[in-house]
Structure formats: C-alpha cells, structure tokens
Amino acid sequence: MMGEHSQEKRVEMFWKRIDGLHAGLIGLKGTDRLIPMAHYTDPEAGCLWFIGHDGTELAERAETGPQDAVFAVTSDEHGIYTHVHGTLTLSHDEQKLDELWSKVAASWFEDGRRDPDIRLLCLTLNSAEVWTSTTSAARFLYETAKGNLSENKPDVGDKYSLTF
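From a predicted model like this one, the values you see are computed outputs, not experimental measurements. (Residues numbered from 1 in each chain as written. Predicted model: local features only at pLDDT ≥ 70, side-chain atom pairs only at ≥ 80, totals over all residues. Heavy atoms only, no water.)

**Q** What's the story with the nonpolar core in this structure? I'm lost.
**A** Nonpolar side chains in soluble globular proteins tend to end up buried together. Among the nonpolar cores identified, the biggest contains 25 residues, and Phe-14 and Leu-123 are the most heavily contacted of them. Of all the secondary-structure elements, those providing two or more residues to this core are α1 (7–19), β1 (23–28), β4 (47–53), α2 (57–63), β5 (67–75), β6 (80–91), β7 (118–133) and β8 (157–163). Examining the composition of this core, we find that five residues originate from one element, β7, more than from any other. Core analysis: the next-biggest nonpolar cluster, separate from the first, contains eleven residues, Cys-47, Trp-49, Leu-97 and Ala-105 among them. (Core = buried A, V, L, I, M, F, W, Y, C linked by side-chain atoms within 4.5 Å. Buried < 20%, exposed > 50% of the residue type's maximum accessible area, 1.4 Å probe, protein only. Helix = DSSP H or I, 4+ residues; strand = E, 2+ residues; numbered from the N terminus.)

Printed below as a string of structure tokens:
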C-alpha cells in the first residue's frame, strides 16, 4: 500500500481531498436516484452542506425528519473515489447559509439569498468507503512499469473504510 496511516490521518486526508471538489452525487438510501449537487465541506461539524430547493425530493423528505442518504464523488485530479453514508437533515441555520452563500449559489435562485425556496441541507457523515490514488503521473508510470517487471502489483493507492 502507498502508506499506512492512522484512522485520524485518513479522515484528515479524506476531508482535504473532497474539499477541493465542486460537486458529487447525493441520494436517499433505498432509492436508486442520485442527483448532482455542489457540496460544502465542514470537517469540524462532520458534515457536508448543500444548498437545495424547496419541492425537490431531498428537501421534501428532509422536512419530514432525518433521512439515511448516500453521497458519491470521484476525482482523478484529487486522487479520490468514495461513497459516503450519512444522515440528511434540513437546517434552518441562517448564519451557516450566509457563510456558504456565493454568486454561484445565487445564480440558482430567482430572488437570490432571500429566495423563499432555498433549503439548507446537512449530510452528517457516518461512514465512508474510500479509494485513493497517487496524483503523480510519474509515480503511476513507475509503479506500472515495476509491476510489469516483477510479480508485485503496482502500489498506486489505498482502499479503506472510515467511521466518523
């Protein structure tokens, strides 16, 4: 394996890698529908935030109470491939919404930040299955060549489970 790391270090690396990504796929457990949404990382709270719309399945179900949900994201550039399980809830935290708000978010809402259809959703992470890979092309080529010249498989990444 590329590196043996403690659970704490792996969690730290997980947050760092997904922080630079813009979006992933989120859905409710028990359904086969995943939709693309931008996420905002909050390692201290152990959650991913989403700015959604009233009337969507995610928002409507979250309004009825906590929902089991899944989130998946992949990135060759960031060297991460993961799916996460957690609990999706509706939040009324206006301060958090102000903190996350941007011109990109505003472009999705007719009345901007004061649009009544805005729904702030929080996915509190419970567990994740994570595959990481080197982001170095030179390292990948070296390991591939080494693997072809020996009985050893290329060492280009790790696979592990996380609990939050």
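**Q** Teacher, can you tell me more about the pattern of salt bridges here?
**A** Between side chains of opposite charge, pairing is possible as soon as their charged atoms come close. Per the counting criterion, the structure on display carries ten salt bridges. The salt bridge partner of Arg-119 is Asp-54, with a shortest N-O separation of 3.5 Å. Of this pair, Arg-119 sits in strand β7 while Asp-54 sits in the loop between β4 and α2; the two residues are 65 residues apart in sequence, bridging distant segments of the chain. Exposure remark for Asp-54: the relative accessible area of 35% places this residue in the partly exposed category. In this structure, Arg-61 engages Glu-57 in a salt bridge whose closest nitrogen and oxygen atoms are separated by 3.8 Å. With Arg-61 and Glu-57 both in helix α2, this residue pair falls four residues apart, about one helical turn. The partly exposed category is assigned to Glu-57, whose relative accessible area is 33%. One connected set of salt bridges, linked through shared partners, spans Arg-33, Glu-57 and Arg-61. (Salt bridge = Lys/Arg side-chain N within 4 Å of Asp/Glu carboxyl O.)

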